[in-house]
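One-letter residues, chain by chain:
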Amino acid sequence: MAEERFIPKPYTNSVEKGSFTWASPSNIALVKYWGKKEHQIPENPSISFTLSDCKTITKLSFIKKDNNNGFSFDVFLDDEKKDDFKPKIETFFKRIEVYLPFLKNYHFKIETSNTFPHSSGIASSASGMSALALCLMSIEKELVTSDVTLSTSTALSAGTVERSFDEDYFIQKASFLARLGSGSACRSLEGDLIVWGKHKDIDGSSDLFGVKYPFEVHKKFKNYQDTILLVDKGEKQVSSTVGHNLMHGHPFAQERFKQAHSHLSSLINILKEGNLDNFIKIVESEALTLHAMMMTSMPYFILMKPNTLEIINKIWLFREKTGSKVCFTLDAGANVHVLYPENECEQVCEFIKNELVAYCQNGHYISDRIGFGAKLL
Ligand code: DP6
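Residues numbered from 1 in each chain as written. Predicted model: local features only at pLDDT ≥ 70, side-chain atom pairs only at ≥ 80, totals over all residues. Heavy atoms only, no water.

Asks: Help me understand the site of the ligand in this model?
Replies: Surveying the vicinity of the ligand reveals 17 residues, the closest of which are Y33, K36, S182, G183 and S184. Between the ligand and the protein, one listed contact pairs an oxygen atom with a side-chain N or O atom of S182 at 2.7 Å. Taking 460 Å² as the accessible area of the ligand by itself, protein coverage stands at 94%. At three residues, helix 4 (residues 240-245) tops the list of elements feeding residues into the shell around the ligand. (Near = heavy atom within 4 Å. Polar contact = N/O pair within 3.5 Å; in protein donor to acceptor, adjacent residues only side chain to side chain. Areas by Shrake-Rupley, 256 points an atom, 1.4 Å probe, with all protein chains shown as cover. Helix = DSSP H or I, 4+ residues; strand = E, 2+ residues; numbered from the N terminus.)

What follows is the structure in structure tokens.
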């Protein structure tokens, strides 16, 4: 099984205590992940833009404990103890324990904060789980360093520079672990375009972890902008776990999964040629299909709000009037991500301020852009 390569050999180093801090961004899917099998395996491949400024910063401190009986950790959000976060992290630790056998040997303090407001309706699971997975990998790196140096150097041909730790393995395993925390989190470690899920036209793509999009991308997509309009800052009406489960036995599920494969195939040429008209068609169709799946599941949900529709209609009108290439995408909620090329910044920002902000809760929105992944601080 491919997962087995993420089970480490017995650790050779011993570490008493320490701490690592990682900042990891959110991401926005262009082709959506909606529907999963057991063990966080996606039903279809997805592709996302990594964001730049919407990030979670997580400091993980660890100290050896004198027993190995179970997981021991405390979680803080903005310095406030958050016991209600613990069950999700406990589940995450259970899922990844076989891949990180040191988890029960330490007490952990997880201190986390987001650059976006917690109650903004922006999911922090992608940035949060990827930041935590990276912190855990930094610990593993300390525990295996000498071991991996040996195996890496024997595998390298003469003349290759010896690395102290295989960076590709580090990122790949961190993405693999992040996926087990939250599927979309495996797309947050690197940038600027990440594919997760096996796709026949994308060599190296995998259901187990995200990979960098390997093909040519037209310069029109450089520094692509994402303004997130906060239409509804409330708690999610439907958790993603419940949402994904609604795809089991969904009458249109199989067709939807096929569509995601073909959308991703089409995007390969679109991204290469910089064909923004066709980019818009795929991205907006994906957003509406995601919501269509929710509206046609049993039970059914409408996660868009009236203001979501107002914004979509305004974007369509603006495009018709001006020839702009601005478009929208949606998450599993009411907020709208407004996507546009950098050279349209001025006119689209004016349009957003004059015509769209009125539909945001308390006039709140977040200006972000495509980014390049997580950083060790
Ligand atoms: C609509 O990654 O939040 O944002 O694996 O259950 O944690 P879990 O789900 P999650 O689902 C995200 C779904 C989405 C689309 C996407 O990001 O691809």
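So that's the structure; there's more coming.
Asks: Would you mind showing me how to read the sheet that holds strand 13 (residues 365-369) here?
Replies: Strand pairing within a sheet occurs via backbone hydrogen bonds; the two strands may be parallel or antiparallel. With antiparallel pairing, the four strands of this open sheet are ordered in space as 11-12-10-13. Whereas interior strands pair on both sides, the edge strands pair on one side only; in this sheet they are strand 11 (327-330) and strand 13. Between one strand axis and the next, the sheet turns through 25° on average, direction left out of account. In this sheet, strand 12 (residues 336-340) lies alongside strand 10 (residues 225-229) in antiparallel orientation, the contact comprising five bridges. From the neighbouring strand, D226 faces strand 12, where its bridge partner is L339. Helix 6 (residues 276-295) contacts strand 11 and strand 12 of the sheet and is inclined by roughly 30° relative to strand 11. Together, strand 10, strand 12 and strand 13 form the strand contacts of helix 8 (residues 345-356), whose direction differs from that of strand 12 by roughly 155°. (Pairing = 2+ DSSP bridges. Axes fitted to C-alpha atoms, helices over the stretch in contact; angles between N-to-C directions. Contact = heavy atoms within 4.5 Å.)

Asks: Can you help me understand the pairing of strand 11 in this one?
Replies: Each regular strand carries side chains that alternate between the two faces of the sheet. Neither face of strand 11 is exposed, since C327 and T329 on one face and F328 and L330 on the opposite face are all buried. Direction of pairing for strand 11 relative to strand 12: antiparallel, over a ladder of four bridges. Following the sheet pairing, F328 is matched in strand 12 by V338. The hairpin formed by strand 11 and strand 12 contains five residues between the paired strands. (Buried < 20%, exposed > 50% of the residue type's maximum accessible area, 1.4 Å probe, protein only.)

Asks: I would appreciate a short explanation of the pattern of salt bridges in the present structure.
Replies: Where charged atoms from two side chains of opposite charge approach closely, those side chains can pair. By the definition in use, this model includes 13 salt bridges. A salt bridge links K104 to E97; the shortest N-O distance between them is 3.2 Å. For K104, a relative accessible area of 21% translates into the label partly exposed. A salt bridge links E284 to R319; the shortest N-O distance between them is 2.7 Å. (Salt bridge = Lys/Arg side-chain N within 4 Å of Asp/Glu carboxyl O.)

Asks: Explain the nonpolar core to me, please; I cannot follow it from the model alone.
Replies: By size, the foremost hydrophobic cluster in this structure holds 74 residues, and its most contacted members are I47, F93, F108, L136 and F279. It is helix 2 (residues 125-155) that contributes the most residues to this core, nine residues altogether. The next biggest cluster of nonpolar side chains, apart from the first, holds 22 residues, and it includes V231, A287, I311 and V348. (Core = buried A, V, L, I, M, F, W, Y, C linked by side-chain atoms within 4.5 Å.)

Asks: How should I be thinking about helix 1 (residues 86-96) in this particular structure?
Replies: Residue pairs three or four apart in sequence face the same way in an α-helix, which turns once every 3.6 residues. I89, F92, F93 and I96 are the residues of helix 1 that are buried. Looking down the long axis of helix 1, one finds its buried residues gathered within 100° of arc, a one-sided arrangement. Seen from the open side of helix 1, the exposed residues pointing more than 90 degrees away from its buried face are P87 and K94. (Arc of directions from axis to C-beta.)

Asks: What should I look at first to understand the pairing of strand 10 in this one?
Replies: Within strand 10, five of the five residues are buried, leaving the element largely enclosed by the surrounding structure. Pairing of strand 10 with strand 13 involves five bridges; the strand directions are antiparallel. Paired with T227 across the two strands is S367, which belongs to strand 13.

Asks: Sorry if this is basic, but what is going on with the packing of aromatic side chains here?
Replies: Think of a pair of aromatic rings as described by two things: how far the centres are apart, and how the planes are tilted against each other in angle. Scanning all chains against the criterion turns up 23 aromatic pairs. With a centroid separation of 5.6 Å and 40° between ring planes, the pair formed by F49 and Y224 is classed as tilted. Residue F49 is located in strand 4 (residues 46-64), and its partner Y224 is located in the loop between strand 9 (210-212) and strand 10; the two are separated by 175 residues in the primary sequence. Just as F49 is buried, Y224 falls in that class too. Ring plane angle 85° and centroid distance 5.4 Å describe the contact between F62 and Y106, whose orientation is recorded as edge-to-face. With F62 in strand 4 and Y106 in strand 7 (residues 106-114), this residue pair connects regions lying 44 residues apart in the sequence. Assigned by exposure class, F62 and Y106 land together as buried. (Phe/Tyr/Trp six-rings, centres within 6.5 Å; stacked < 30°, edge-to-face > 60°.)

Asks: Hey, could you run me through helix 5 (residues 253-273) in this one?
Replies: Over its 21 residues, helix 5 extends 31 Å from the first C-alpha to the last, a length consistent with the 30 Å expected when each residue adds 1.5 Å. Maximum bend of helix 5: about 25°, positioned at L267. Among the residues making up helix 5, those that are buried are A253, R256, F257, A260, H263, L264, L267, I268, I270 and L271. Summarising the contacts, the buried residues of helix 5 are in contact with strand 1 (17-31), strand 4, strand 8 (193-196) and helix 6. Directly after helix 5, the chain includes G274, whose backbone phi takes a positive value near 70°. (Expected span 1.5 Å × (residues − 1). Bend = angle between axes of the 7 residues up to and from the residue.)

Asks: In this structure, what is going on with the packing of helix 1 against helix 3 (residues 167-181)? I would like to understand it.
Replies: Packed helices, taken two at a time, are described by the angle their axes make and the gap between the axes. Between helix 1 and helix 3, the least distance of the axes is 9 Å, while the angle of their chain directions is 130°. Relative to helix 3, the element helix 1 lies oblique. Once helix 1 is placed against helix 3, the crossing between them reads as right-handed. Contacts between helix 1 and helix 3 involve K88, F92, R95 and I96 from the first element and L177, L180 and G181 from the second. (Parallel < 35°, antiparallel > 145°, perpendicular 65-115°, else oblique. Left-handed = near helix turned anticlockwise from the far one by under 90°.)

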